[in-house]
Amino acid sequence: MADLLWQKPGVEVDARIQAFLAGDDVLLDREFFLHDIAASRAHAQGLQRIGMLGAGELEALLRELDVLAGDFRSGAFVLDQRYEDGHSAIEARLTERLGDAGKRIHAGRSRNDQVLVATRLWLKDSLAVVQRHARDAAGVALDRAQAEASLAMPGYTHLQRAVVSSAGMWWAGWAEAFIDDAVRARDTAAWIDANPLGSAAGYGINLPLDRDGTTQALGFGRLQVAATYAQLSRGKFELAALEALGSAMLDLRRIAWDLSLFTGSEFGFVALPPEYVTGSSIMPNKRNPDVVELMRGTYASVAAAKAEIEHLLSLPSGYHRDLQVTKGALFHGFGKGLQALALLPDLLRRMQWRPDAMRAALEPSMYATDLAVDLAKQGMPFRDAYREAADPARWAEGDPAASLAARVSPGAAGDLRLDVLRARLDAL
Ligand code: ARG
């Protein structure tokens, strides 16, 4: 590692201690580096507006920050163990290129608010991706709900055949679920859309920083006003973002379960696109739904990230180095979660039903509820009708289409109200 910014004369750096302190910082900071550069631009512009940088110095800093971003993207600049973290790497590079102007950029900020603003921008981007994937999944589900509204299939409770259902009802459920997930991602993004930059180490600074200017320049919805709240929100906002991701991942886990069951030969209702299944190394006859299973398993990574941050947050107010650990959790949770979610819309678009197997799984008992309610409609008290309809002697092969058409309670097959879901989706 090159010279440490904070190095005191006469104190030896112990490599093992330093490695422990830095952790995986330079690796993780790669994830946040471009956001750190964007926020550094805004900070420099703010410094110039309050007379802490000359116009020429600002111009040179902005130019070199752009060059650094380009070099980082192209791989010409690698954030590695030469640096303590991404923040000091930016300052080191600016100083190397610009001398005194580079040394001026850190006036009025701290690495503590630097990491906050970079991760905050990253969280906003990541939630936008959650929203997009959830919206896409909902869009596919809604289209298929419309197209396959009358395709009959069994409806299960407790994994037991219960009533006649339809692909339309199955899809409509996922459509509304993923609409809600997209809404939650959007609303959480708005909730965390607050600019922490300019809170310095958490207690402000003796400069009239243009915090409103940086809020606008970085596209934040509001200023995070209290300098002391900025550090309190670290981890708490991360957790909220992971919870929003977690809502989508919970639905992903449950739909993956359905697909696992439905592709098994005991059900045989669904065929997956060939890319989504893998062979067995030992059993030549197998086509395994590994993708669906890993999608289901990915919830664990999001849950782990939430747990790690939640356990970490047992802290007094103010900055503590403990907070550094939030970055690994975020990276792991969002990295794995987004990768799984990204595959969902296409999988849903291309999975195929096996209508014959679905039809064959319908049996006379599955019309018993219809019968009980029909008797009640004719005037028999429901509890008596229920008893009557429980008698297997009264069951007969029914008509799935008629059962579905008669299911007119709002949200059921006879009144799916997909237009209401479509309007919510379109508003996203
Ligand atoms: N790497 C730290 C973090 O993620 C930021 C650096 C702050 N270091 C310090 N000694 N104050 O929280």
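Residues numbered from 1 in each chain as written. Predicted model: local features only at pLDDT ≥ 70, side-chain atom pairs only at ≥ 80, totals over all residues. Heavy atoms only, no water.

Okay, the site of the ligand next. In the region of the ligand, the neighbouring residues are D25, D85, R111, N112, V115, R234, Y319, R321, Q324 and K327. Here the ligand has 340 Å² of accessible area as a free molecule, and 85% of this is covered by the chains. For the shell around the ligand, the element with the highest residue contribution is helix α6 (residues 111-147), accounting for 3 residues. Looking at the shell around the ligand, its residues break down into 2 nonpolar, 2 polar and 6 charged. (Near = heavy atom within 4 Å. Areas by Shrake-Rupley, 256 points an atom, 1.4 Å probe, with all protein chains shown as cover. Helix = DSSP H or I, 4+ residues; strand = E, 2+ residues; numbered from the N terminus. Nonpolar A, V, L, I, M, F, W, Y, C, P; charged D, E, K, R; others polar.)

As defined by bridge partners, strand β1 (residues 152-157) adjoins strand β2 (residues 160-166) across 6 bridges and the pair is classed as antiparallel. Looking across to β2, one finds that Y156 is bridged to R161. If you look at the hairpin formed by β1 and β2, you'll find 2 residues sitting between the two strands, and H158 has a positive phi there, around 55°. (Pairing = 2+ DSSP bridges.)

Turning our eyes to something else, we now look at the side chain of D181. Tracing the sequence through the fold places D181 in helix α7 (residues 167-191). Despite its burial, D181 remains without a salt bridge, the nearest opposite charge being carried by R184 at 7.0 Å. Beyond its immediate sequence surroundings of up to four residues, D181 is in contact with A134, S247, A248 and D251. (Buried < 20%, exposed > 50% of the residue type's maximum accessible area, 1.4 Å probe, protein only. Lys, Arg positive; Asp, Glu negative; His and termini not counted. Salt bridge = Lys/Arg side-chain N within 4 Å of Asp/Glu carboxyl O. Contact = heavy atoms within 4.5 Å.)

Estimated volume of the largest pocket: approximately 570 Å³. Along the wall of the largest pocket there are 22 residues; nearest its centre are Y156, W170, W174, D258 and F262. The set of elements that each furnish at least two residues to the lining of the largest pocket consists of β1, β2, α7 and α10 (236-263). For the lining of the largest pocket, the residue count by class is 14 nonpolar, 5 polar and 3 charged. Every residue lining the second largest pocket is counted, 15 residues in all, and those nearest its centre are D370, V373, D374, A406 and R407. If you list the elements that add at least two residues to the lining of the second largest pocket, you get β2, α15 (368-377) and α17 (400-406). The biggest single contributor to the lining of the second largest pocket is α15, with 6 residues. Of the residues assigned to the lining of the second largest pocket, the class counts are 9 nonpolar, 2 polar and 4 charged. (1 Å grid on protein atoms, 1.4 Å probe; cavity = no way out; pocket = protein on both sides within 12 Å on 5 of 7 lines; lining within 4 Å. Points joined across faces, edges and corners; volume = space filled by probe spheres on them.)

Tallied over the entire structure, the rule returns 1 cavity of 30 Å³ or more. Size it by volume and the largest cavity reaches roughly 60 Å³. Lining the largest cavity are H43, G46, L47, L197, G198, L209, D210, R211 and T214. For the lining of the largest cavity, the elements supplying multiple residues, two or more each, are α2 (25-49) and α8 (211-217). With 3 residues, the top contributor of residues to the lining of the largest cavity is α2. Looking at the lining of the largest cavity residue by residue, the classes come out as 3 nonpolar, 4 polar and 2 charged.

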